[in-house]
Amino acid sequence: MAGLAAAARARELGAEPFVLEKGDRPGGSMLLSSGVIWRYRSLEEFQAECPGGDPALQRLIVERLDEDLEWLESLGASVTEPGTGNARTIGARFDTLELTETLVRKANTVLFGHAIVPGTETGLEGPMVLATGGFSARLAGERGLLLRANRWSTGDGLDLALGRGAATAGDLDEFYGRAMPAPPAHIDEQDFVRLSQLYGRFAEVVAEEGDGRFEGEPSWSETDLVQAIARWPGSRAWYRVHEDKLRERVRDRTVAEMIDAARAAGGVVRQEPPFTSVLVEASVTQTLGGIRIDERARVVGAEELYAAGADVGGISTGGYSSGLAAALVFGRIAAEEALS
Ligand SMILES: Cc1cc2nc3c(=O)[nH]c(=O)nc-3n(C[C@H](O)[C@H](O)[C@H](O)COP(=O)(O)OP(=O)(O)OC[C@H]3O[C@@H](n4cnc5c(N)ncnc54)[C@H](O)[C@@H]3O)c2cc1C
């Protein structure tokens, strides 16, 4: 998302950018996402939800996102759902395929199979914006967790920046993810959204092995719950749901529908009336720590280098905020600054 947004903005400003894309298709994790681009209503609410995040970066998202969403629409991307369905947030849902195609068309030159490789030159002249999507694939591999994101984001942007003296921000172990049915060990990427088990708030949550138990209410995004499960043996837990909770809704789905999806995918679901127990496994969608940038998307500690999107750390620290919003806002800022 961030790289395409930066390139589309740069071309609009008269530059001739190249997007180097490691993968064999455009759109990264954005293409796989629910496409809801959102912000908290105020900086104070952003700070309360993500207390470790840099308020200067958070403020830019609060202040700029509405205009940036209008910009996406002006390029030809259509809003498929106004609003987010969440009283805490403001934003809109986009069709991610249409959004990807729109940004690729505006960016104009995307070179597939061309990775940014840390320690080597790209052979291209001019400023560079790092937008490789963080290191979710590497973190999932190192910690033996399911990957619920594109498979190419292995931390190349972070490594390149560190090699040039960059500072980091946020906690490099912190990530945003979802509980997914267990097994299967592998979930097709087009099922990442559909199979998410997002009803920990209505369940008793205990580790599959050992005596782990999640005490209290998880946060609304359940990011804290998923991180707790990721620390338990096998990174698995049982969600034990009372029948009274099966009709509760989370966004557009009931708890019963999410459980049905887990069962249909081959997940372990046990009936123990009046409870239904579902075996879930923690997955990694996005790393939250990464490169430190300033308010102009310049990489702190490195010369002539910009970063945007999940390569940037320290925005959502201690909580959860829209990764698409951060990618859009700082992708645009990076392009504007690199050309100023
Ligand atoms: C299932 C799912 C649902 C989600 N739902 C939402 C949602 O509703 N709202 C929201 O805000 N966020 C959501 N997200 C998160 C959102 O997709 C990310 O925050 C966002 O895509 C981050 O943008 P990015 O540009 O940093 O990374 P990406 O969009 O992943 O783009 C990074 C790109 O860099 C490429 N790349 C990696 N390494 C290199 C390299 N060395 N050289 C060249 N290219 C490289 C990758 O192939 C990829 O194309 C969701 C994610 C998933 C997976």
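As a reminder, the structure under discussion sits directly above these lines.
What comes next concerns the included structure. Since the structure is predicted, the reported quantities are computational estimates derived from the model, not experimental observations.

**Side note on the overall build of the protein chain**
Across its full length, the protein chain carries 10 helices and 19 strands. Taking 20 Å as the expected radius of gyration for a compact globule of 340 residues, we find that the protein chain reaches 20 Å, a close match to that expectation. Counting all 340 residues of the protein chain, 54% fall into the buried class. Of the contacts made within the protein chain by residues no fewer than 6 positions apart, 73% connect residues no fewer than 24 positions apart. Approximately 14,600 Å² of the protein chain is accessible, and the part contributed by carbon and sulfur atoms is 47%. Charged side chains of the protein chain number 35 positive and 52 negative; the gap between the two group centres comes to 3 Å.

**Focus: the site of the ligand**
Around the ligand lies a shell of 36 residues, among which Glu21, Val36, Asp156, Gln286 and Ser322 are the nearest. Residue Lys22 places a main-chain N or O atom 3.1 Å away from a nitrogen atom belonging to the ligand. Between the ligand and Met30, the relevant distance is 3.2 Å, taken from an oxygen atom to a main-chain nitrogen or oxygen of the residue. Here the ligand has 1,000 Å² of accessible area as a free molecule, and 97% of this is covered by the chains. At the level of secondary structure, the elements contributing two or more residues to the shell around the ligand comprise β1 (19-21), α2 (28-32) and α10 (323-338). Considering every element that reaches the shell around the ligand, the biggest residue donor is α2, with four residues. Its residues assigned to classes, the shell around the ligand shows 16 nonpolar, 16 polar and four charged.

**Notes on the packing of helix α1 (residues 2-12) against α10**
Two numbers describe how α1 lies on α10: the axes approach to 7 Å, and their chain directions differ by 40°. The angle between the axes of α1 and α10 places the two elements in the oblique class. α10 is crossed by α1, and the crossing has right-handed handedness. Judged by residue contacts, Ala2, Ala5, Ala6, Arg9, Ala10 and Glu12 of α1 engage Ala327, Leu328, Gly331, Arg332, Ala335 and Glu336 from α10. Taken together, the residues of the contact of α1 with α10 break down into seven nonpolar, one polar and four charged.

**Topic: the pattern of salt bridges**
A side chain with one charge can pair with a side chain of the opposite charge if their charged atoms come near. Applying the stated criterion across every chain, the model contains 21 salt bridges. One salt bridge in this structure joins Arg296 and Glu337, with 2.9 Å as the shortest N-O distance. In this pair, Arg296 is assigned in the loop between β18 (290-291) and β19 (305-307) and Glu337 in helix α10, connecting sequence segments 41 residues apart. Connected through salt bridges with shared partners, the residues Arg9, Glu12, Arg64, Asp68, Arg332 and Glu336 form a single ionic network.

**Details of the pairing of strand β11 (residues 203-207)**
Residues of β11 alternate between two faces, with Ala203, Val205 and Ala207 buried on one and Glu204 and Val206 left unburied on the opposite face. Taken together, the five bridges between β11 and strand β12 (residues 236-242) define a ladder with antiparallel strand orientation. When the sheet's bridge partners are listed, Val205 is paired in β12 with Tyr239.

Criteria and cut-off values
Residues numbered from 1 in each chain as written. Predicted model: local features only at pLDDT ≥ 70, side-chain atom pairs only at ≥ 80, totals over all residues. Heavy atoms only, no water. Helix = DSSP H or I, 4+ residues; strand = E, 2+ residues; numbered from the N terminus. Rg over C-alpha atoms; globule rule 2.2 N^0.38 Å. Buried < 20%, exposed > 50% of the residue type's maximum accessible area, 1.4 Å probe, protein only. Contact = heavy atoms within 4.5 Å. Areas by Shrake-Rupley, 256 points an atom, 1.4 Å probe, with all protein chains shown as cover. Lys, Arg positive; Asp, Glu negative; His and termini not counted. Charge placed at Lys NZ, Arg CZ, Asp CG, Glu CD. Near = heavy atom within 4 Å. Polar contact = N/O pair within 3.5 Å; in protein donor to acceptor, adjacent residues only side chain to side chain. Nonpolar A, V, L, I, M, F, W, Y, C, P; charged D, E, K, R; others polar. Axes fitted to C-alpha atoms, helices over the stretch in contact; angles between N-to-C directions. Parallel < 35°, antiparallel > 145°, perpendicular 65-115°, else oblique. Left-handed = near helix turned anticlockwise from the far one by under 90°. Salt bridge = Lys/Arg side-chain N within 4 Å of Asp/Glu carboxyl O. Pairing = 2+ DSSP bridges.

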